[in-house]
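Reading the structure
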Amino acid sequence: MLNRRTLRIKVMQALYAYHQAVGSDYLLATDRIADAFAPDLNSPEPQDRKHLQGQRKLAEVVFKEWHKTGEDPEKTEDADVNDAVQDAIKFYQKAVAKDGTFYAGRWYRLPRAFTISTFTCSIFRRLCWM
């Protein structure tokens, strides 16, 4: 039987899982940036690893600033950095939206017989989209 306490526990578990998923999406986006500037070992010509590392760090800083402010990132002089940051931003936004619909949909499937369930479901949907 579902009572208010059980429903509250389920809501808190779902919120915690959602925030953990958002954190892992951020780390996956930074991993995409790192992969974009990984040296190509199959290339016949040697690559400048220090230059690639500098590009990676710059892209990570720009992505981190975007994540904090939410504003469009400033364009840098390096087109590769801009492309990597835009790719990471698109990936992050898509993953967060997917997680939001997944966790909100999971919670929404609980029985609606309880008034608390529809109330907490609406709260959960609002929190997911903040």
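Please read all numbers here as calculations on a predicted model, not as lab measurements. (Residues numbered from 1 in each chain as written. Predicted model: local features only at pLDDT ≥ 70, side-chain atom pairs only at ≥ 80, totals over all residues. Heavy atoms only, no water.)

**Focus: the packing of aromatic side chains**
Convention followed: Stacked, tilted and edge-to-face pairs are distinguished by plane angle, under 30 degrees for stacked and over 60 for edge-to-face with tilted covering the rest, among Phe, Tyr and Trp rings (Trp via its six-membered ring) whose centres lie within 6.5 Å. The secondary structure listing takes helices from DSSP runs of H or I that are at least 4 residues long and strands from runs of E that are at least 2 residues long, numbered from the N terminus. Burial classification: accessible surface area is computed with a 1.4 Å probe over protein chains only, and a residue below 20% of its type maximum counts as buried, one above 50% as exposed, and the rest as partly exposed.
Taken as a whole and judged by the stated rule, the model has six aromatic pairs. A ring pair is formed by Tyr26 and Phe63, whose centres lie 5.4 Å apart and whose planes are at 25 degrees; its orientation type is stacked. Here Tyr26, found in helix H1 (residues 4–36), pairs with Phe63, found in helix H2 (residues 49–69); they are 37 residues apart in sequence, far enough to count as distant. For the pair Tyr26 and Phe63, a shared accessibility class is recorded, and that class is buried. Centre to centre, the rings of Phe63 and Tyr92 are 6.1 Å apart; their planes meet at 85 degrees, and the pair counts as edge-to-face.

**Quick word on the nonpolar core**
When a protein is soluble and globular, its nonpolar side chains tend to lie buried together. Here is the rule: Residues belong to a common nonpolar core when they are buried Ala, Val, Leu, Ile, Met, Phe, Trp, Tyr or Cys residues joined through side-chain atoms within 4.5 Å.
Counting 20 residues, the largest nonpolar core has Ile33, Phe37, Ala59, Phe63, Val85 and Tyr92 as its most contacted members. Breaking this core down by element, the ones donating at least two residues are H1, H2 and helix H3 (79–108). In terms of residues, this core owes the most to one element, H3, which gives eight residues.

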